[in-house]
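An overview of the molecular structure
So the chains spell out like this:
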Amino acid sequence: MATPLISRRFASPRHTTQYLECGPSDGPLLIFLHGWPELGLIWRAQMNAFAQRGWHCIAPDMRGYGGSSAPDATSAYANAHVVDDMAELHDHLGGKPAIWVGMIGAALSQVRL
């Protein structure tokens, strides 16, 4: 049975992040980050599979994509700003330990906080 994806928004004074969420809120946190030119929705199958196994899954639209803020200045897309966006989202989600999954080209990488 598919786990429903819920669309949410988190806004800080510097940025707004649109994200998808599914799975139990008290489950271990798993955050999926999309690459260019995708959206968080690209992870829906993986999110559903992990949510059914008890994981709290999050997939944000990165800066400049989907419902997230899209600043005009090219300099606003520097990695430092994107990292700050995700750190703020992580804090908003409770700041508990998380597994971060990102797409790099055709390969997947995993980073643990």
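Residues numbered from 1 in each chain as written. Predicted model: local features only at pLDDT ≥ 70, side-chain atom pairs only at ≥ 80, totals over all residues. Heavy atoms only, no water.

**Overview of the overall build of the protein**
When helices and strands are counted, the protein shows two helices and six strands. For the protein, the N- to C-terminal ordering of α and β elements is β-β-β-α-β-α-β-β. Expected size for 113 residues packed as a compact globule is a radius of gyration near 13 Å; at 13 Å, the protein falls within 12% of this value. Once the C-alpha set of the protein is aligned to its principal axes, its extents read approximately 40 × 30 × 25 Å. Partitioning the contacts of the protein with sequence separation of at least 6, the portion at a separation of at least 24 is 62%. Total accessible area computed for the protein in this model is approximately 6400 Å², and 60% of it derives from carbon and sulfur atoms. Positive and negative charge centroids in the protein, built from 8 and 9 side chains respectively, lie 7 Å apart. (Helix = DSSP H or I, 4+ residues; strand = E, 2+ residues; numbered from the N terminus. Rg over C-alpha atoms; globule rule 2.2 N^0.38 Å. Contact = heavy atoms within 4.5 Å. Areas by Shrake-Rupley, 256 points an atom, 1.4 Å probe, with all protein chains shown as cover. Lys, Arg positive; Asp, Glu negative; His and termini not counted. Charge placed at Lys NZ, Arg CZ, Asp CG, Glu CD.)

**Some words on the nonpolar core**
Core analysis: the biggest nonpolar cluster contains 12 residues, these being Phe10, Tyr19, Leu29, Ile31, Leu33, Ile58, Met62, Met86, Leu89, Leu93, Ala98 and Trp100. Looking at this core, the elements with two or more residues in it are strand E3 (29-33), helix H2 (79-92) and strand E5 (98-104). Tallying contributions element by element places E3 first for this core, with three residues. Among the nonpolar cores identified, the runner-up in size contains 11 residues, and Cys22, Cys57, Ile99 and Val101 belong to it. (Core = buried A, V, L, I, M, F, W, Y, C linked by side-chain atoms within 4.5 Å. Buried < 20%, exposed > 50% of the residue type's maximum accessible area, 1.4 Å probe, protein only.)

**Quick look at the pairing of strand E4 (residues 56-60)**
Within E4, five of the five residues are buried, leaving the element largely enclosed by the surrounding structure. One ladder, built from four bridges, connects strand E2 (residues 16-22) with E4; its direction is antiparallel. Among the inter-strand pairings, Tyr19 is bridged to a residue of E4, identified as Pro60. Judged from the three bridges that link them, E3 and E4 form a sheet pairing that is parallel. The residue of E4 that forms the bridge with Ile31 is Ile58. (Pairing = 2+ DSSP bridges.)

**Here's the deal with the pairing of E3**
Most of E3 is tucked away, with five of its five residues classed as buried. Where burial is concerned, the two faces of E3 agree: the one with Leu29, Ile31 and Leu33 and the one with Leu30 and Phe32 are both buried. Crossover connection from E3 via helix H1 (residues 44-51) to parallel E4: handedness right-handed. (Right-handed = clockwise from strand over helix to strand, strands pointing away.)

Keep in mind these values describe shape, not function.
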